[in-house]
Amino acid sequence: MNYGNLLRAAWQGRPADAPRLSAAGHFQAWWQACRPPFLITAAIPVTLALSFAFRLQGQITPRQWLIYALLLLGCFLGLTTANFANDLFDHILGVDGGDNIGGSRVIQSGFISPRQLSVALLLLAPATLAVGGLLATLAPAGLRPGLWLVSIFAVASAIFYVAPPIRYGHRALGELFVCLNMGVIMVSASAALLLEGFDPRSLALSLPVGLMVAGVLYYQSLPEIETDLAAGKHTLANRLGKDKAALVFRLWWPAVWILLLNLWAAGLAGWPVALTLLGLPFYLRACRHISDAGTGDWLHLDSFGHLVRTCYLLSGAALIAGVAL
């Protein structure tokens, strides 16, 4: 698709037979597009950085609470930008059409038009950068260039996950960039802002968080292995094939838990980090559903995504508590 056709497709209105929505219906549609179950993936890294600051200082100052609130706002805006861009461009490129279950389905349902999502993106991207710029002005001068750089990189990553010409999410690089953005950058940059200086120990905390968020994304790609491949979208899962993709999932979360327990052994977290193993039953249930599916249809695995999100929530909460205590 050339860029002229892309722009025309991005500016299409709602179809004539689209359902009429009340004010409450419009709110519900936009809330659905925000994908609220995934907002926790932004809250945990920022809260972990706050927990790390508390571990080092023994208190949280009013300035740090303000920065924490701004960080949450910026990260939620950035994640919403990524979700809206994913819905818009995967719809335009035909990835979310037909039997594909990807995205929030607000365009396919006629609730929100491509034009409305395009306008939202034109507002969200600069708003996210504005929050990042405000945070940079509150940081020491030496940190400002780096913070501006990571802010621009994060917003660009949110858009070009699926947007041409980069579309790195279509090139089996989604998990890598999510790990980098939602783990390394989000935790370390947040900690640097809160502490007014970079602490390399924040990188050790960021790695398991990044792998956990990437693990959530990886599981979400499993039900769509065949439909994504048919639409020309290459993910890590469909490049591996079902047998190897299932094996990687089985290894993924145990590797995360080993990293988390290693933080306890290294003295970067206290005993509560061991509570991460409360996610084991949910992980085993997810593994069982994948095993039961075999090499058959995996579309129904989408309904069990909450099991992996629960693993993330429990592990993230255990890490936050372990770092704080």
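As a reminder, the structure under discussion sits directly above these lines.
On a predicted model such as this, the values are computed, not experimentally measured, just so you know.

About the criteria used
Residues numbered from 1 in each chain as written. Predicted model: local features only at pLDDT ≥ 70, side-chain atom pairs only at ≥ 80, totals over all residues. Heavy atoms only, no water. Salt bridge = Lys/Arg side-chain N within 4 Å of Asp/Glu carboxyl O. Helix = DSSP H or I, 4+ residues; strand = E, 2+ residues; numbered from the N terminus. Buried < 20%, exposed > 50% of the residue type's maximum accessible area, 1.4 Å probe, protein only. Expected span 1.5 Å × (residues − 1). Contact = heavy atoms within 4.5 Å. Phe/Tyr/Trp six-rings, centres within 6.5 Å; stacked < 30°, edge-to-face > 60°. Lys NZ or Arg CZ within 6 Å of the ring centre and 35° of its normal. Disulfide = S-S within 2.5 Å. Patch = residues over 30% accessible without salt bridge, like charges linked within 9 Å, V, L, I, M, F, W, Y side chains within 5 Å. Areas by Shrake-Rupley, 256 points an atom, 1.4 Å probe, with all protein chains shown as cover. Axes fitted to C-alpha atoms, helices over the stretch in contact; angles between N-to-C directions. Parallel < 35°, antiparallel > 145°, perpendicular 65-115°, else oblique. Left-handed = near helix turned anticlockwise from the far one by under 90°. Nonpolar A, V, L, I, M, F, W, Y, C, P; charged D, E, K, R; others polar.

**Some thoughts on the pattern of salt bridges**
By the definition in use, this model includes five salt bridges. Of the charged contacts in the structure, one is a salt bridge between D90 and K233, with a shortest N-O distance of 3.4 Å. Of this pair, D90 sits in helix α4 (residues 62–92) while K233 sits in the loop between α9 (225–230) and α10 (236–240), and the two are 143 residues apart along the sequence. For D90, a relative accessible area of 1% translates into the label buried. For K233, a relative accessible area of 8% gives the class buried.

**So, unusual backbone geometry**
One can expect most non-glycine residues to show negative phi and most peptide bonds to be in trans. For the bond running from P164 to P165, omega is 5°, close enough to zero to count as cis. Note on placement: P165 falls in the loop between α6 (144–160) and α7 (174–195). Here R35, not a glycine, exhibits a phi torsion of approximately 55°, which is positive. Among the structural elements, R35 can be located in the loop between α2 (23–34) and α3 (40–57). Positive phi values are uncommon outside glycine, yet R167 reaches one of about 45°. Here R167 is to be found in the loop between α6 and α7.

**Thoughts on helix α11 (residues 242–265)**
The end-to-end C-alpha distance of α11, which contains 24 residues, comes to 35 Å, matching closely the 34 Å that a straight helix rising 1.5 Å per residue would cover. Buried residues of α11: K242, A245, A246, F249, W252, W253, V256, W257, L260 and L263, and no others. Along its buried surface, α11 packs onto α7, α8 (201–221), α9, α10, α12 (280–293) and α13 (305–324).

**Examining the packing of aromatic side chains**
What the rule picks out here adds up to 10 aromatic pairs. Between W65 and Y68, the ring centres sit 5.9 Å apart and the planes meet at 80°, which makes this aromatic pair edge-to-face. Taken as a pair, W65 and Y68 lie in helix α4 at a separation of three residues, close to a single helical turn. Residue classification places W65 among the partly exposed positions, given a relative accessible area of 45%. Among the residues examined, Y68 registers a relative accessible area of 14% and is labelled buried. Grouping aromatic residues by their ring pairs yields a cluster made of Y219, F249, W253, W257 and Y283. The positively charged end of R309 is found above the aromatic ring belonging to F38, 5.0 Å away from the centroid.

**Re the state of the cysteines**
Tallied over the full model, the rule gives zero disulfides. Unpaired in terms of disulfides, C75 finds its nearest cysteine sulfur in C34, a separation of 15 Å. No disulfide involves C287; its sulfur sits 8.7 Å from the nearest other cysteine sulfur, which is in C311. On the basis of relative accessibility, which here comes to 10%, the residue C287 falls in the buried class.

**Quick look at a nonpolar patch on the surface**
Residues W11, V119, L122 and L123 make up a contiguous nonpolar surface patch of roughly 420 Å² in combined accessible area. Take V119: it is sitting in helix α5 (residues 114–138). Residue V119 is classed as partly exposed on the basis of its relative accessible area, which comes to 36%.

**Describing the packing of α6 against α7**
In a pair of packed helices, the angle between the axes and the distance between the axes together describe the arrangement. With their axes 11 Å apart at the nearest point, α6 and α7 run at an angle of 150° to one another. Judged on the interaxial angle alone, α7 and α6 are roughly antiparallel. Crossing angle aside, the handedness with which α6 passes α7 is left-handed. Facing α6, whose interface residues are L147, V150, F153, A154 and S157, α7 presents F177, L180, N181, I185, A189 and L193. Residues that form the contact of α6 with α7 fall into these classes: nine nonpolar, two polar and no charged.

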